[in-house]
Amino acid sequence: MGFPIIGETFGYFKPHGFYELSPILKKKMLRYGPLFRTNILGVKTVVSTDMDVNMDILRHENKFFSLSYPDGLVKPLGKDSLFFKTGNIHKHIKHISMRLLGSENLKQKIIKDMDRVTQEHLSLKANQERFDVKDAVSSLIISHLTPKVISNLKPETQSKLMKNFNAFSFDWFRASYTLSALRGLYNTLWACREGMQLMKDIYARRKTSREKYDDFLETTLDELEKEGSLVNEDVIVSLIFTLCCITQDTTSKATCMALKFVSENPKVLAELKREHEAILASREDKEGGVTWEEYRHKMTFTNMVTSLLLSSKAMGAGYTIPAGWIVMVIPSVVHLDPEIYENPFEFNPWRWEGKELRSGSKTFMVFGAGIRQCAGSEFARLQISIFLHHLVTTYDFSLSKDCEVVRVPGALFPNGIYMNISKCSKVT
Ligand code: HEM
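Residues numbered from 1 in each chain as written. Predicted model: local features only at pLDDT ≥ 70, side-chain atom pairs only at ≥ 80, totals over all residues. Heavy atoms only, no water.

As recorded in an unreviewed UniProt entry, the protein goes by Cytochrome P450 and comes from Brassica rapa subsp. trilocularis. Recorded in UniProt under Subcellular location (unreviewed entry), the annotation for the protein is "Membrane". (UniProt positions renumbered as here; feature names shortened; annotations may be inferred.)

Laid out in structure tokens, this is it:
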């Protein structure tokens, strides 16, 4: 159980190489097997790295286990966030979220502007100094998503809100031992406070005006006004803010990972180019961008690339025996188990050939599982695929030499991921 009070907290948050399992987990698993006891952040904890136990826990949330997240996560997002809701309310909020992030809305309302804005942002970066990929992808997501969420904002209100969405990051939580993490925490708390207040004002104004708009805010207002609605105004305001913030944070980080791995693997890059150039060659409307059909039916290899084993998520579930203990589920260990995945630390998109990757299973929990399955996985895949499409068909690119990834235990880029791009000679 480690030292009194702090237990083994530092061991779990100690940065370690991307291509290895956390040393403390490795040591514990060797000694005790896939289930063991510890003390993290002063909380008595049972850690589960066992795939069957993990799946069972995730499937039985609300029945045998109740979900909890560390306080550090609750604070910025607030108690009204969907992450902290359970039962029917959680189900209802998730359903509302899918009206923004589900396939139908992505296909009908999001993909076109996502494609256009991605092209515009890449074009602005061409021949400039090197740029931070995470910042660039975050801004382009916020630029095309914000008007879909709230369509009638004055330019100054919109840019203030976008600044708050952009400032949010989970990184501080992943690196809770450094000074820069404290700065990150301050920025995130500030962004949440200011952004949530701004959202409340926007919401109140829309409600009193009762003008109709074709956006997600309108969808949520309709939900709120339905008879017997399970959600209130605070939940809706928090939902909109949470979704916009985590969309930019998670997708931009996943794009960085994809670029790092692709640029280090010439065979993968060549295959990606081949797939995307074939899409361009067969596109009837040469001026049009990526279509939903292309994304779903002609990007088989790209889909395998975006199914990186990048999740190092840990989740907590309150367990009644022994009283007061929590069970921490760590699904990523399964992804790195050589008995399940051959050479698990090797970036090998071909390992997914012919596999179904859209729903989770006990050996594939990149996007979670059970009722907590990720709401934004399709959005993230679509955005990364569109980014890769334009990058590999239009630009030559190179990443800075010092692009490093560590696990703390989630993935973190200590020096950022910086890139240079220039138009390929054949398209200039
Ligand atoms: C590559 C990027 C992403 C990864 C690896 C990822 C991973 C995950 C995982 C593992 C979970 C389960 C968490 C748990 O059970 O506690 C989850 C849940 C969730 N994700 Fe993602 N996610 C990604 C992108 C996104 C995006 C773009 C959104 C958009 C808003 C999003 C929204 C959510 C939401 C709302 C939940 C909570 C679902 C619930 O509580 O029912 N995610 N994600």
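A. Local environment of the coordination of the iron atom of the ligand. From the protein, the iron atom of the ligand takes a single donor atom, C374 (SG), 2.3 Å away. Tracing the backbone through its elements, the reader meets C374 in the loop between helix 16 (332-335) and helix 17 (377-394). (Donors = N, O, S within 2.8 Å, 3.2 Å for Na, K, Ca; no water. Helix = DSSP H or I, 4+ residues; strand = E, 2+ residues; numbered from the N terminus.)

B. Looking closely at the packing of aromatic side chains. Counted by the stated rule, this structure contains 9 aromatic pairs. Where F261 meets F347, the ring centres are 4.9 Å apart and the plane angle is 15°; that geometry is what we call stacked. With F261 in helix 12 (residues 233-263) and F347 in the loop between helix 16 and helix 17, the pair connects residues that are 86 residues apart, well separated along the chain. Taken as a pair, F261 and F347 share a single burial class, namely buried. Ring centres 5.2 Å apart and planes at 55° place the aromatic pair W292 and Y295 in the tilted group. One end of the pair is W292 and the other is Y295, both in helix 14 (residues 292-297) and 3 residues apart, which spans about a single turn. Residue classification places Y295 among the buried residues on the basis of a relative accessible area of 5%. (Phe/Tyr/Trp six-rings, centres within 6.5 Å; stacked < 30°, edge-to-face > 60°. Buried < 20%, exposed > 50% of the residue type's maximum accessible area, 1.4 Å probe, protein only.)

C. Structural context of the pairing of strand 2 (residues 35-40). Relative to strand 3 (residues 43-48), strand 2 runs antiparallel, the two sharing 6 bridges. Bridging from a neighbouring strand, F36 pairs with V47 of strand 3. The hairpin turn running from strand 2 into strand 3, its antiparallel successor, is 2 residues long, and L41 in that turn takes a positive phi close to 55°. (Pairing = 2+ DSSP bridges.)

D. View of the packing of helix 5 (residues 87-101) against helix 6 (residues 103-125). Their axes nearest at 6 Å, the elements helix 5 and helix 6 cross at an angle of 35°. The residues of helix 6 that touch helix 5, namely those facing R99, L100 and L101, are S103, N105, L106 and I110. Residues of the contact of helix 5 with helix 6, tallied by class, amount to 4 nonpolar, 2 polar and 1 charged. (Axes fitted to C-alpha atoms, helices over the stretch in contact; angles between N-to-C directions. Contact = heavy atoms within 4.5 Å. Nonpolar A, V, L, I, M, F, W, Y, C, P; charged D, E, K, R; others polar.)

E. Structural view of the site of the ligand. Around the ligand sit 24 residues in total, of which Y69, H90, K94, R372 and C374 are the nearest. Residue K94 places a side-chain N or O atom 2.8 Å away from an oxygen atom belonging to the ligand. A distance of 3.0 Å separates an oxygen atom of the ligand from a polar side-chain atom of R372. Elements that contribute at least two residues to the shell around the ligand include exactly helix 5 and helix 12. Here the shell around the ligand takes 6 residues from helix 12, the largest share from any one element. (Near = heavy atom within 4 Å. Polar contact = N/O pair within 3.5 Å; in protein donor to acceptor, adjacent residues only side chain to side chain.)

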